Amino acid sequence: MNKSKNMPFTSPKSLISTNPFGTFFGVSQEVFDTVWNSLTNPATHTVAYISMEIGADPDVFHPVKDFLESNNILQDPDPCLNAFIHKYLHNTRKIPNYSGGLGVLAGDTLKSFADLHLPTMAISLLYREGYFSQIVDSKVGQIDHATCWQPEATPTLFQLHTPGTAGAPLTIDIPFYNGQQQPIMVKAHVWMKLEINHQRDYFVPEFLLDYSLPDTPAWVRESAHQLYNAKSTIIKANQRRMLGSAILPLLDTLGFPVHTIHLNEQHGVTVLLHMIIRELEQQFGAQFANLITDADILKAAATVGQKIVYTIHTPVKAGHDRFSRDLYSSISHKAFQRVLNLVAHDDDIAHEYNFTAMAMRLNRAINSVSRLHRDVTKKQFPEFSTKIRAITNGVHHLSWVSDQRKKCFDSIPSLRNWQNDPSRFAALRQEDRQPLSDLLHQAWQVDNQLLVSSINTMLKNHREQMVETWIDPPNYLSSLPEQQWLRPGVFTLGFARRFSTYKRADLIFDDIGRLADILVKNNWPVNFVFAGKAHPADEPGKYVLKLILDNQEELYRRSQGLGKLIFIPGYDMQVAKLMVAGVHAWLNSPKRPLEASGTSGMKAAMNGVPNISIMDGWWVEGYHDGLTGWKFGYEGPVNEADLSEDPESLLYTEDAGAFYTLLPEVLAMFYSQPTLYLERALNNLFFNVPIFNTHRMAAEYVDQYGIDLAPHLRETVNEFRRLYQSEQP
């Protein structure tokens with residue numbers, strides 16, 4: 001059970017806390033001081049988690065809002081307190097600083113760190129224009145534009161203030177070397193998001209650096225506005241520098257003596273350059289550049305590398321940052337270049353620096369994000385194969401289990417405490433199995449109804465939008481009578497993720513005639529619900545998205561109205577949560593082995609929704625010999641050629657054919673043997689919920705971090721680690 005709901009009533013005044021950096025809302029002063037004092041204590045072995053993006057929208061997980069609503073706290077006579085209450089209950093609950101799986105995983109990870117009371121903090125950037133907002137036009141395809149949001153009005157976000165001043169924003173000076181020996185000092189403000197756990201007795205602070213200041217140089221502001229701005233290589237390089245170069249100044253300002261820096265991908269790896277230079281200055285003094293040898297640099301690099309834990313997230317080469325040596329000579333100084341020449345050289349492309357290779361070389365631990373990804377990574381980086389181990393990703397179960405499913409799980413005696421301990425599903429008693437099956441079925445029906453209602457409302461809005469604006473609705477069904485829109489109870493297949501070519505969103509429509517024939521022959525209605533964004537600079541990804549739109553009318557007509565293909569624009573965490581609970585199966589169709597993990601399918605599994613997937617990423621471990629869903633497509637040995645994203649190598653014909661062969665089996669079970677289908681759903685709860693959660697994943701990371709936990713916390717972490725060993729077999 002959620003203990004916060006069982007706690008005695010707490011006055012809203014107890015949710016106010018202060019320290020020299022500001023006033024905060026959500027936890028008591030005692031909790032705030034306990035966490036902050038722990039992070040500033042050198043004996044704690046604090047971990048700094050570094051990520052280019054963090055997806056933790058307060059509209060999918062909101063313990064403070066839940067507390068206010070459950071206790072009917074709607075206002076307060078104290079003006080300061082009333083402002084906080086209004087902000088948490090009524091303001092927009094989006095922090096659009098994420099693009100997809102990497103950022104959402106980061107947010108889920110930090111939530112589990114908070115649940116487990118781990119001494120961690122996070123550092124990322126604040127993007128005033130977010131990633132991008134998506135409009136979809138049936139004739140044009142994706143239209144991207146800047147996101148408008150206000151950090152000042154967003155719950156859980158607080159701008160830090162300079163201690164001892166009357167509310168002046170905390171400003172840190174960050175060094176940038178643009179071809180000169182002396183740095184240009186660039187200023188940034190600091191925001192803190194409180195990632196509060198569901199019991200409200202711990203939090204993880206996430207620090208977001210805001211470079212969008214009036215006096216900031218134009219080249220910095222241009223790089224600061226939008227996540228993964230790809231207008232030029234120099235903007236991309238600067239954005240990475242803005243993250244990596246700010247880490248040490250921020251830690252120094254806040255007084256956090258960090259023991260471990262965890263790089264969630266290599267985007268912040270330039271922190272290593274600053275760490276190496278600082279180490280050399282401490283050894284040789286201010287004139288170190290004139291005194292050091294290459295051996296001295298390598299020794300310093302090896303020393304600071306012992307503070308680094310590195311997680312690599314993709315085998316796709318485009319995800320491994322490379323920058324030309326000429327470019328970096330203009331944005332660094334000679335000492336940095338000497339370091340880069342020794343630790344960031346690219347063995348394949350001599351005139352470039354390879355930042356993934358640098359992260360691989362300088363660390364005390366490397367992990368991939370699934371077992372198959374571990375094997376692929378070892379082939380890609382054989383020099384480091386003995387260090388690379390697997391820590392399979394997970395998801396934060398409390399963020400992704402729907403409200404209806406939560407009520408269902410709360411009603412089962414042997415699942416008691418599942419919110420704190422997702423392993424409870426593995427211990428389900430036999431006498432609770434049928435009640436759970438019945439309640440799950442009912443909850444699933446409600447969640448499907450919610451999804452269908454949301455989609456039908458969208459279709460209506462799009463039809464009205466067609467009259468009011470120039471936008472042509474992105475769904476063919478908007479042009480049809482409402483009687484032909486979606487109906488609840490119809491088999492609904494979901495697909496939602498970033499639109500990259502290797503993810504093959506259009507795979508199952510490769511032969512629409514064959515797909516339609518399956519539906520018509522058996523009179524099986526199917527809703528295909530798709531969502532996702534292509535990066536603004538990814539024209540091939542945009543083309544795939546446009547193909548989804550172009551296939552809608554043909555599928556509908558050729559299937560005699562049985563096949564209804566829907567695209568939901570503006571994919572975000574709230575849309576994802578609605579989909580993973582409301583569909584009847586989750587589709588994952590990447591080219592094997594390019595999907596390193598694939599956490600969207602885990603979110604579906606948290607709700608008992610079976611996957612239909614290529615045997616890639618996490619599904620190799622979550623398939624359980626067919627007990628939890630279905631597999632299709634190529635699953636042979638992985639060779640170098642399999643890593644290619646060339647259109648001719650994407651295996652459309654082969655893998656689409658395998659899907660068409662499988663689909664009748666799935667639909668026959670759903671429509672004719674619903675009890676067997678529900679058994680697949682229950683098996684996801686039994687087998688996959690205990691494994692593919694970020695509590696278990698966090699417990700595996702604790703081993704890499706070397707944190708000295710209190711005995712009761714150590715035992716909790718050990719229990720989660722015993723659930724599953726990613727590195728085996």
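About the cut-offs
- Residues numbered from 1 in each chain as written.
- Predicted model: local features only at pLDDT ≥ 70, side-chain atom pairs only at ≥ 80, totals over all residues.
- Heavy atoms only, no water.
- Helix = DSSP H or I, 4+ residues; strand = E, 2+ residues; numbered from the N terminus.
- Core = buried A, V, L, I, M, F, W, Y, C linked by side-chain atoms within 4.5 Å.
- Buried < 20%, exposed > 50% of the residue type's maximum accessible area, 1.4 Å probe, protein only.
- Contact = heavy atoms within 4.5 Å.
- Salt bridge = Lys/Arg side-chain N within 4 Å of Asp/Glu carboxyl O.
- pLDDT = per-residue confidence, 0-100.
- Expected span 1.5 Å × (residues − 1).
- Arc of directions from axis to C-beta.
- Phe/Tyr/Trp six-rings, centres within 6.5 Å; stacked < 30°, edge-to-face > 60°.
- Lys NZ or Arg CZ within 6 Å of the ring centre and 35° of its normal.

Q: Just to check I follow, could you spell out unusual backbone geometry for this structure?
A: With the exception of glycine, most residues fall at negative phi, and the peptide bonds are largely trans. Look at the link from Arg592 to Pro593: it is a cis peptide, with omega at 10 degrees. Examined against the element boundaries, Pro593 turns out to sit in the loop between β20 (585-588) and α21 (599-606). Its identity as a non-glycine residue notwithstanding, Asn523 has a phi of 55 degrees, on the positive side.

Q: Hey, could you run me through the nonpolar core in this one?
A: Across soluble globular proteins, you tend to see nonpolar side chains buried next to one another. Counting 128 residues, the largest nonpolar core has Phe25, Leu68, Phe207, Tyr211 and Ile261 as the members making the most contacts within it. Looking at this core element by element, the count peaks at 7 residues for helix α9 (residues 271-284). Not counting chain neighbours up to four residues away, the residues in contact with Tyr211 comprise Leu125, Ile174, Phe176, Val186, Lys187, Ala188, Thr216, Val220, Arg221, Ala224, Met242 and Ala246.

Q: Quick question: what am I supposed to make of the pattern of salt bridges here?
A: Throughout the structure, instances matching the rule amount to 34 salt bridges. Among the ionic pairs, Glu152 bridges to Arg128, the shortest N-O distance being 3.3 Å. Within this pair, whereas Glu152 is found in the loop between β6 (141-145) and β7 (157-159), its partner Arg128 is found in the loop between β4 (120-125) and β5 (133-137), the two being separated by 24 residues in sequence. Residue class for Glu152 comes out partly exposed when judged on its relative accessible area of 45%. Among the residues examined, Arg128 registers a relative accessible area of 24% and is labelled partly exposed. One salt bridge connects Arg374 with Glu727, and the closest N-O pair in it is separated by 3.5 Å.

Q: How should the confidence of the model for the protein chain be read in this particular structure?
A: Low-confidence regions, as indicated by low pLDDT, have predicted coordinates that should not be scrutinised in detail. Per-chain confidence: the protein chain averages 95 in pLDDT, with 98% of residues scoring 70 or above. Considering only residues more than four positions removed or in separate chains, one finds that residues 1-8, a stretch of pLDDT under 50, has 17 contacts.

Q: Before we go on, may I ask you to explain helix α26 (residues 711-723) in this structure?
A: Owing to its 3.6 residues per turn, the α-helix aligns residues three or four sequence positions apart on the same side. Taking 1.5 Å per residue, 13 residues should reach 18 Å; α26 reaches 19 Å between its end C-alpha atoms and fits that length. Listed in full, the buried residues belonging to α26 are Leu713, Val717, Asn718, Phe720 and Arg721. Buried positions in α26, seen along its axis, are confined to an arc of 165 degrees and lie on one side of it. Among the exposed residues of α26, those pointing more than 90 degrees away from its buried face are Pro711, His712 and Arg722. On the buried face of α26, the contacting elements are α25 (694-705).

Q: What should I look at first to understand the packing of aromatic side chains in this one?
A: One pair of aromatic rings is described through two measures. These are the centre distance and the angle between the planes. Per the stated rule, a full pass over the model turns up 43 aromatic pairs. Joined through ring pairs, the aromatic side chains of Phe21, Phe24, Phe25, Phe32, Trp36, Phe84, Tyr88, Phe158, Phe203, Phe207 and Phe256 make up one cluster. Here Arg497 stacks its cationic end above the ring of Phe495, 4.4 Å away from the centre of that ring.

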